[in-house]
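Structural characterization, general
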Amino acid sequence: MIWADLAERVLGKDRRALARAISWVEDGQEGCLDLLRALYPHTGKAHIVGVTGSPGVGKSTMVDALAVLYRAAGSTLGIIAVDPTSPLTGGALLGDRIRMNRHGTDPGVFIRSLASRGRLGGLSRATGDVISLMEAFGLDVIVVETVGSGQAEVDIMRYAHTVVVITAPGLGDEIQVLKAGTMEIGDIFVVNKADRAGADRTVNEIRSLWKGHTQDGWVPPVYPVVARDGQGVQEVYQGVLDHRRYLVEEGGLAARVTRGLETQVREILEETVVDYMLGKAREQGLLQELLEEVAGRRLDPHGAVARLCDRYGWQRLKPD
């Protein structure tokens, strides 16, 4: 079986095999589920770090700088960079070789770009499975950089053990945006480009928002950083290590892992049920009939869903 050989090679730390396995999973090729099942018992040991924030705040620069420190400490590193999707090809607009290219020849760093493919929340549908593949490969730390769509990027909290939220001064209503979205999920906050005017104000505003509040008992630190020069990066790196230690000592890590696994199960279930029902309906001509009725205003979309559920036996979604 091809998937069995590929699984053995991934466990043997074959980088080309890992790259092929990720492509299998992302494209949904035959055998990918068997591959994931075979490798899953070898997962669960890596520290998953999420890096999120609005476009232009320097997420990639920050990840690149953190990678240097992780490698200096002897840790192996996987980087998943979720990029915007091309509307023409469906692929990622930015490639992993463009980003962080100084690590491209380092055998201790594996970088992979994933296309978001229009998904809200800042991640790709394959993100969870790719994390599992990198864990099975034996990487110590896996950094997931979200696509950069702003406050909607909260999905990362369901996968990451530590969430780093990056912002920068001079972005207008950025703090208001953070209040409404990513501010609520951050374990560590980074004000990048801190050499700009207004940086101190941004740092103080974020600190004031968290005054008297905690994230699972943890008070999120706020670091002023100039990532392109490495200024303040060591403090952020230490903050990530401290948060990991806190989670282990206080028992919060298990809760976060469970939360992430529940998310994966739910997402796989949703996708499986939707694909099955729509596939059957399309194959049997029911989908086209329903769409014509909806377009003709003889049936509303909720009624169309109810008919699909009635036809394929999912009673839960039927109206009372």
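Higher on the page you've got the structure.
Residues numbered from 1 in each chain as written. Predicted model: local features only at pLDDT ≥ 70, side-chain atom pairs only at ≥ 80, totals over all residues. Heavy atoms only, no water.

1. Here's the deal with the overall build of the chain
Summing up its helical and strand segments, the chain has 11 helices and seven strands in all. Among the 320 residues that make up the chain, the fraction classed as buried is 49%. Restricting to contacts in the chain with at least 6 residues of sequence separation, those with at least 24 account for 73%. Carbon and sulfur atoms form 52% of the exposed surface of the chain, whose accessible area is close to 16200 Å². (Helix = DSSP H or I, 4+ residues; strand = E, 2+ residues; numbered from the N terminus. Buried < 20%, exposed > 50% of the residue type's maximum accessible area, 1.4 Å probe, protein only. Contact = heavy atoms within 4.5 Å. Areas by Shrake-Rupley, 256 points an atom, 1.4 Å probe, with all protein chains shown as cover.)

2. Things to note about helix α5 (residues 127-137)
Counted residue by residue, α5 has 10 buried out of 11 residues, so it is predominantly covered. G138 lies just past α5 and shows a positive phi near 105°.

3. Quick word on the pattern of salt bridges
For the structure on display, the rule yields 11 salt bridges. The residue R112 makes a salt bridge to E26 at a minimum N-O spacing of 4.0 Å. Taken as a pair, R112 in strand β3 (residues 109-115) and E26 in helix α2 (residues 15-27) lie far apart in primary sequence, 86 residues in all. Across the pair, exposure class does not vary: R112 and E26 are buried alike. Here R228 makes a salt bridge to D229, at a shortest N to O gap of 3.9 Å. Each member of the pair R228 and D229 is classed as exposed. The structure contains a network of salt bridges with shared partners spanning D5, R9 and D14. (Salt bridge = Lys/Arg side-chain N within 4 Å of Asp/Glu carboxyl O.)

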